[in-house]
2 protein chains.
Amino acid sequence: MTVGREAVLDVIAQSDEHLSAEDIYMKIHPFYPAVGLTSIYRTLDILVSIGLVRKLDFGHGRAKYELAEDSNGKGHHHHLVCRGCGRIIDYNDFIDEELALLKKTEESLSRKYNFRIDNHLIQFYGFCDTCKKPER
Amino acid sequence: MTVGREAVLDVIAQSDEHLSAEDIYMKIHPFYPAVGLTSIYRTLDILVSIGLVRKLDFGHGRAKYELAEDSNGKGHHHHLVCRGCGRIIDYNDFIDEELALLKKTEESLSRKYNFRIDNHLIQFYGFCDTCKKPER
DNA sequence: AATGATAATGGAAATCGTTTCCATTAACAC
DNA sequence: GTGTTAATGGAAACGATTTCCATTATCATT
Ligand SMILES: [Mn+2]
Ligand SMILES: [Mn+2]
Ligand SMILES: [Zn+2]
Ligand SMILES: [Zn+2]
């Protein structure tokens, strides 16, 4: 665990947003100008592979990262994604009911398709408070 | 509706797979060598925007397209994505139960976050029949 | 301290799906 | 035909991520 890696993990742990590799680079750079973007990517891969960090794709062309649920204090959650401004809302309302059904669904799908499921992705798309008023 | 656009829609309608822009290009090219990849992308954008086609991202670095559910004969469905070979399985088992809960969840989330939800994305990730035996 | 083996690093260049530019062509009304 | 507009394809640009590679840090062994 080097200083650069520590810094990446710190930034993710401190932030309650979903950060891109470049976001992280920008936050680290003032304090550790020697840490390059390539290392950020490398470190993120490692953190994801050991399960400390989750990589997310909201369809904005760049991957975002958040602390894995074991460590993030808000537990497992899903996302609301605004197609207007790109805002992302974490929610865990109904998460219990959702997870119960998901579990059941996963079991049956696993059996039927002989598929080992180890993850799921659930996102709702639409327009947030601010963006829905105008047109469309 | 030009010949190139017709061809793109045809290919998507005929196929029961999830096709990338390049997949579509390759299928069309032998019959219409004059249709370029740029036009495929342009046409796909249009088809998506008028709701005939759905654009999907399974995290394989390129977008995939399928016929929108109104026209695809299999109705609304979700996806199982194999992280080994990239295979994608359409399923609609449990879709009724899932949709009922989703509807309820959407309503409450909409109210709570003042968010207009008009779409959702549900994918299960794991390893398919073929890929799960080896290691990991 | 010198040596050597190994892991980590950062910057430049490459990659690759997608978009943008732009000059050419098709379609259509008058 | 003339002019106006929409559609087209190929080349070039774009941008996030990866790959390459020469340099540097780490650390155990002499
Ligand atoms: Mn989140
Ligand atoms: Mn499908
Ligand atoms: Zn918004
Ligand atoms: Zn597979």
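What you see is a predicted model, and the numbers here were worked out from it, not measured in a lab.

What counts and how
The residue count restarts for each chain, going from 1 along the sequence in the order it is written. Note on labels: chains are lettered from A, ligands numbered from 1, in written order. Totals for whole chains, interfaces and linings use every residue, but because this is a predicted model, local features are given only for residues with pLDDT of at least 70 and side-chain atom pairs only at 80 or more, for both listing and counting. Water and hydrogen atoms play no part in the side-chain values, which are based on all heavy atoms of the structure. Whether a residue is near a molecule or strand is decided by its heavy atoms; if any one of them lies within 4 Å of it, the residue is near. Within 3.5 Å is the distance limit for a polar contact, defined as a pair of N or O atoms, with the added protein rule that one can donate a hydrogen and the other accept it, and that residues adjacent in sequence qualify only through two side-chain atoms. Helix and strand assignments come from DSSP, with helices taken as H or I runs of at least 4 residues and strands as E runs of at least 2, each series counted from the N terminus. Gly is put with the polar residues, along with every residue not named as nonpolar or charged; the nonpolar set is Ala, Val, Leu, Ile, Met, Phe, Trp, Tyr, Cys and Pro, and the charged set is Asp, Glu, Lys and Arg. Distances up to 2.8 Å from the metal define which N, O and S atoms are donors, and 3.2 Å serves for Na, K and Ca; water is absent from the atom set, so sites may look incomplete. Three labels apply to residues, based on accessible area from a 1.4 Å probe with only protein chains included: buried if under 20% of the type maximum, exposed if over 50%, partly exposed otherwise in between. Like-charged residues are merged into a patch within 9 Å and nonpolar side chains (Val, Leu, Ile, Met, Phe, Trp, Tyr) within 5 Å, provided each residue has over 30% relative accessible area and no salt bridge. Surface accessibility in these figures is a Shrake-Rupley result with a 1.4 Å probe; residues are shielded only by whichever protein chains are displayed. Note on definitions: salt bridges are taken to be side-chain nitrogens of Lys or Arg within 4 Å of carboxyl oxygens of Asp or Glu. Put plainly, a pocket is an open set of points on a 1 Å grid over the protein atoms alone with protein on both sides within 12 Å along at least five of seven lines, a cavity is a set where a 1.4 Å probe fits but cannot get out, and a lining residue has an atom within 4 Å of a point. Grid points are joined across faces, edges and corners, and a volume is the space filled by probe spheres set on the points. Per the annotation, domain bounds derive from an automatic or database assignment of domains. Among buried residues, those of type Ala, Val, Leu, Ile, Met, Phe, Trp, Tyr and Cys that are joined through side-chain atoms within 4.5 Å constitute a nonpolar core. Any two residues whose heavy atoms approach within 4.5 Å are treated as being in contact. Between the rings of Phe, Tyr and Trp (Trp by its six-membered ring), a pair exists once the centres lie within 6.5 Å; its type follows the angle of the planes, with under 30 degrees stacked, over 60 edge-to-face, and the other angles tilted. The axes are straight lines fitted to the C-alpha atoms, using for helices just the contacting stretch, and the angles between their N-to-C directions are given from 0 to 180°. The scheme is simple: roughly parallel for angles under 35 degrees, roughly antiparallel for over 145, roughly perpendicular for 65 to 115, oblique for anything else. A four-donor site is classed as tetrahedral when every donor-metal-donor angle falls between 85 and 135 degrees; four donors are called square planar, and six octahedral, when trans pairs exceed 155 degrees and all remaining angles lie between 65 and 115, with any other arrangement labelled irregular.

Novice: Report on the protein's contact with DNA strand C, specifying residues and quantitative values.
Specialist: In the vicinity of DNA strand C there are 13 residues, among which A:T2, A:A34, A:S39, B:Y41 and B:R62 approach most closely. Sugar plus phosphate: this is where 67% of the atoms of DNA strand C within 4 Å of the protein reside. Taking A:R5, its side chain carries an N or O atom lying 3.5 Å from a phosphate oxygen of DNA strand C. Note that a base nitrogen of DNA strand C is positioned 3.2 Å from one of the side-chain N or O atoms of A:T38. Of all the secondary-structure elements, those providing two or more residues to the surface near DNA strand C are α3 (37-49) of chain A together with α3 (37-49) of chain B. It is α3(A) that contributes the most residues to the surface near DNA strand C, 3 residues altogether. Taken together, the residues that form the surface near DNA strand C break down as 4 nonpolar, 6 polar and 3 charged.

Novice: Explain the coordination of the manganese ion (ligand 2) to me, and be specific about the residues and the numbers.
Specialist: Residue and element names in this part refer to chain B. Every protein donor of the manganese ion (ligand 2) is listed here as H18 (NE2), E66 (OE), H77 (NE2), H79 (NE2) and D90 (OD), and their distances to the metal cover 2.1 to 2.3 Å. Sequence positions of the donors to the manganese ion (ligand 2) reduce to the motif H-x47-E-x10-H-x1-H-x10-D. Here H18 is found in the loop between α1 (3-14) and β1 (19-20), whereas its partner D90 is found in strand β5 (residues 88-91), with 72 residues between them in sequence. Classification of H18 as buried rests on a relative accessible area of 9%.

Novice: With reference to specific residues and values, describe a nonpolar patch on the surface.
Specialist: Together, A:V3, A:F31 and A:Y32 make up an exposed nonpolar region whose accessible area comes to about 340 Å². Examined against the element boundaries, A:F31 turns out to sit in the loop between α2 (21-28) and α3.

Novice: Pulling in residues and values, what's your account of the layout of surface pockets?
Specialist: The probe, sized like a water molecule, is rolled over the atoms to show the empty space still left. All names here are of chain A. For the second largest pocket, the calculated volume is near 180 Å³. Lining of the second largest pocket is provided by D16, E17, H18, L19, D23, K27, K64, G86, R87 and I88. Taken domain by domain, the makeup of the lining of the second largest pocket includes at least three residues from each of domain 1 (1-68) and domain 2 (72-136).

Novice: With reference to specific residues and values, describe the nonpolar core.
Specialist: In this structure, A:L80, A:F115, A:F124, B:L80, B:F115 and B:F124 are the most contacted members of the largest nonpolar core, which totals 26 residues. Elements that contribute at least two residues to this core include exactly β4 (78-82), β5 (88-91), α4 (95-113) and β6 (116-127) of chain A together with β4 (78-82), β5, α4 (95-113) and β6 (116-127) of chain B. Once you skip the residues sitting within four places of it in the chain, B:L80 turns out to touch A:L109, A:Y113, A:F115, A:I117, B:R87, B:I88, B:I89, B:Y91 and B:F124.

Novice: Tell me about the packing of aromatic side chains, and name the residues and values.
Specialist: All names here are of chain A. Counting across every chain of the model gives 2 aromatic pairs over all chains. Between Y91 and F124, the aromatic rings sit 6.1 Å apart at their centres with planes inclined by 50°, giving tilted as the arrangement. Of the two residues, Y91 is situated in strand β5 and F124 in strand β6; the sequence distance between them amounts to 33 residues. Residue class for Y91 comes out buried when judged on its relative accessible area of 1%. On the basis of relative accessible area, F124 is assigned to the buried category, the value being 0%.

Novice: Which residues make up the packing of helix α1 (residues 3-14) of chain A against α2(A), and what values do they have?
Specialist: Residues and elements named next belong to chain A. Look at α1 against α2: their axes get within 10 Å of each other, and the N-to-C directions meet at 105°. Looking at the two axes, α1 sits roughly perpendicular to α2. Each of A7, V8, V11 and I12 in α1 lies in contact with α2, whose residues at this interface are I24, K27 and I28.

Novice: Any details on the coordination of the zinc ion (ligand 4)? Residues and values, ideally.
Specialist: Distances from the zinc ion (ligand 4) to its protein donors, B:C82 (SG), B:C85 (SG), B:C128 (SG) and B:C131 (SG), fall at 2.2 to 2.4 Å. One way to put it: the 4 donor atoms around the zinc ion (ligand 4) meet at angles of 103 to 114°, and that makes the site tetrahedral.

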